[in-house]
Amino acid sequence: MARQLREVVFVDGVRTPFGKAKGLYAQTRADDLVIKCIRELMRRNPSLPPDRVDEVAIAATTQIGDQGLTIGRTAALLAGLPDTVPGFAIDRMCAGAMTAVTTTAAGIAFGSYDVVVAGGVEHMGRHPMGEQVDPNPRIVAEKVVDPEALSMGNTAENLHDRYPTITKERADAYALRSQERTAKAYTDAKIQPDLVPVAVRTAEDGWGLASVDEPPRPGTTLEDLAGLKTPFRAHGRVTPGNAAGINDGATACLLAEEETAKQLGLPVKMRLVSYSFTGVEPEVMGAGPIPSTEKALAQAGLGIDDIDAFEVNEAFAVQVLAFLEHYGIADDDPRVNPYGGAIAMGHPLASSGVRLMNQLARQFEDRPEVHYGLTTMCVGIGMGGTVIWENPHWNGAARDDEDGAA
């Protein structure tokens, strides 16, 4: 029996403010962060009956403690969704939330779901990356993977080696722009609409409210960045200033079949075009977005020149710069991360994919001349993921201008 694929749309996305490890959320459970996001999605979209949610997919890299026990199901129950709504947990390290989105989107396209919740959470202060992990010794002994590949910072230094034109000074300059763009985005109220305030408590200070990201460092200068140590290699190029930090936070979004969204009166912020995950040498993990983007573009019948809005996860400045250099895009191109990125805001591993999508949706809203955009990120152990989206607000102006010029 032939099946007709259905259109998948991004309805809405939210996130908690991101915190520093052992900072804002030191006394807050990881699952409570993602529960807060699910509840906020339902509150913001009152026309969606809770029993119309067909699935809840929540990613976590370290699936133990308060990030374990099939967190998609337990978070759905604790968020107040009906017992009839199933859920599951998913792991693709940094691309966990991105994979939660693409996996459930495939189910929507196939007809198994109409509406889903997808997201991710990482409490790195409570569960450091690699906690209780027991890698098979043959991975290293049989030289399947160089031991350096198990340290993300070392892979970033390796990427600098592969791209000698990407100097520490260039990485620091990129990091400074991330801080400056994030500060401006906050001033222009481009970040706040996505944030879910979270009540927090410490024994010392009592109750408080997390309402903004904790990691940004407004006022950072190039001199500040130049003076930082290079912890992964003597006289290296990767520093705490040109890399994302160790962070806590959660994200969640609503996806739906397009006609269902319209019937339920739900907004359509983006339309899914294609997605791809690819593998690269684990030792240069940061190169992953290059082949995943090439593959996603080929699937969509598009070229890089068709993309006018980019959200590239800033695990490390060198990783973004390698992507830009490969595609001939300037380091300071205003289409790339215009509201800043993970170097300033933070990167709570499995949650970050939906943050990228939230910010791309904001770009689409702000720039109706943009037809296509993408979200992309590198992934630990040598992978990359890219999702291409279409702007439902596109007014055709840019394409008409190009046709006229031709």
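Novice: Give me the lowdown on helix α3 (residues 96–110), citing residues and values where you can.
Specialist: The first and last C-alpha atoms of α3 sit 21 Å apart over 15 residues, in line with the 21 Å expected at 1.5 Å per residue. All of the buried residues along α3 are G96, A97, M98, T99, A100, V101, T102, T104, A105, G107, I108 and A109. Directly after α3, the chain includes G111, whose backbone phi takes a positive value near 105°.

Novice: Can you tell me about the nonpolar core, naming the residues and giving the values?
Specialist: Core analysis: the largest hydrophobic core is formed by 40 residues, its most contacted members being L159, I307, F310, F316, F323 and I388. Elements with a contribution of two residues or more to this core: α5 (152–162), α6 (168–187), α9 (289–300), β10 (307–312), α10 (317–326) and β11 (372–379). Among residues more than four places away in sequence, those in contact with I307 are L297, R335, Y372, G373, L374 and I388.

Novice: Please provide a residue-by-residue account of the environment of G245, values included.
Specialist: Its location among the elements puts G245 in the loop between α7 (222–226) and β8 (247–257). Sequence separation between G245 and P215 is 30 residues, and the spatial gap between their C-alpha atoms is 7.7 Å.

Novice: I'd like a rundown of the side chain of E283, residues and numbers included.
Specialist: Along the chain, E283 falls in the loop between β9 (270–279) and α9. Summary of buried charges: E283 has no salt-bridge partner, and the nearest side chain of opposite charge, R162, is 7.0 Å away. Dropping the residues within four chain positions of it, E283 is found in contact with V145, D146, A149, T155 and N158.

Novice: Please give an account of α10 that cites residues and values.
Specialist: Every α-helix carries 3.6 residues per turn, so stepping three or four residues along brings you back to the same face. In terms of burial, α10 is a largely internal element, eight of the ten residues being buried. The set of residues buried in α10 consists of A317, V318, Q319, V320, L321, A322, F323 and L324. Those residues of α10 hidden inside the fold are in contact with α5, α6, α9, β10, α11 (342–345) and β11. After α10 finishes, the residue G328 shows a positive phi value of roughly 70°.

Novice: Describe in detail the packing of aromatic side chains, supporting the description with residues and values.
Specialist: If you walk through the whole model with that rule in mind, you get four aromatic pairs. Measuring from centroid to centroid gives 6.4 Å for F310 and F323, while their planes differ by 70°, and the two rings are edge-to-face. Residue F310 is located in strand β10, and its partner F323 is located in helix α10; the two are separated by 13 residues in the primary sequence. Exposure class is identical for F310 and F323. Each is buried.

Novice: An account of the environment of R29 is needed here, citing residue identities and associated values.
Specialist: Within the secondary structure layout, R29 lies in the loop between β2 (19–20) and α1 (30–44). Linking R29 and H123, residues 94 residues apart in sequence, is a C-alpha distance of 8.0 Å. Not counting the four nearest positions on each side in its chain, R29 is found in contact with D66, H123 and R126.

Novice: Please set out unusual backbone geometry residue by residue, giving values where relevant.
Specialist: Of all residues except glycine, most have a negative phi; of all peptide bonds, most are trans. Here the phi dihedral of M93 falls at roughly 50°; this positive angle occurs in a residue that is not glycine. Of note, M93 is situated in the loop between β4 (87–90) and α3. Exposure remark for M93: the relative accessible area of 16% places this residue in the buried category. For Q132, which is not a glycine, the phi torsion comes out positive at approximately 60°. Along the chain, Q132 falls in the loop between β5 (115–123) and α4 (138–141).

Rules used throughout
Residues numbered from 1 in each chain as written. Predicted model: local features only at pLDDT ≥ 70, side-chain atom pairs only at ≥ 80, totals over all residues. Heavy atoms only, no water. Helix = DSSP H or I, 4+ residues; strand = E, 2+ residues; numbered from the N terminus. Expected span 1.5 Å × (residues − 1). Buried < 20%, exposed > 50% of the residue type's maximum accessible area, 1.4 Å probe, protein only. Core = buried A, V, L, I, M, F, W, Y, C linked by side-chain atoms within 4.5 Å. Contact = heavy atoms within 4.5 Å. Lys, Arg positive; Asp, Glu negative; His and termini not counted. Salt bridge = Lys/Arg side-chain N within 4 Å of Asp/Glu carboxyl O. Phe/Tyr/Trp six-rings, centres within 6.5 Å; stacked < 30°, edge-to-face > 60°.

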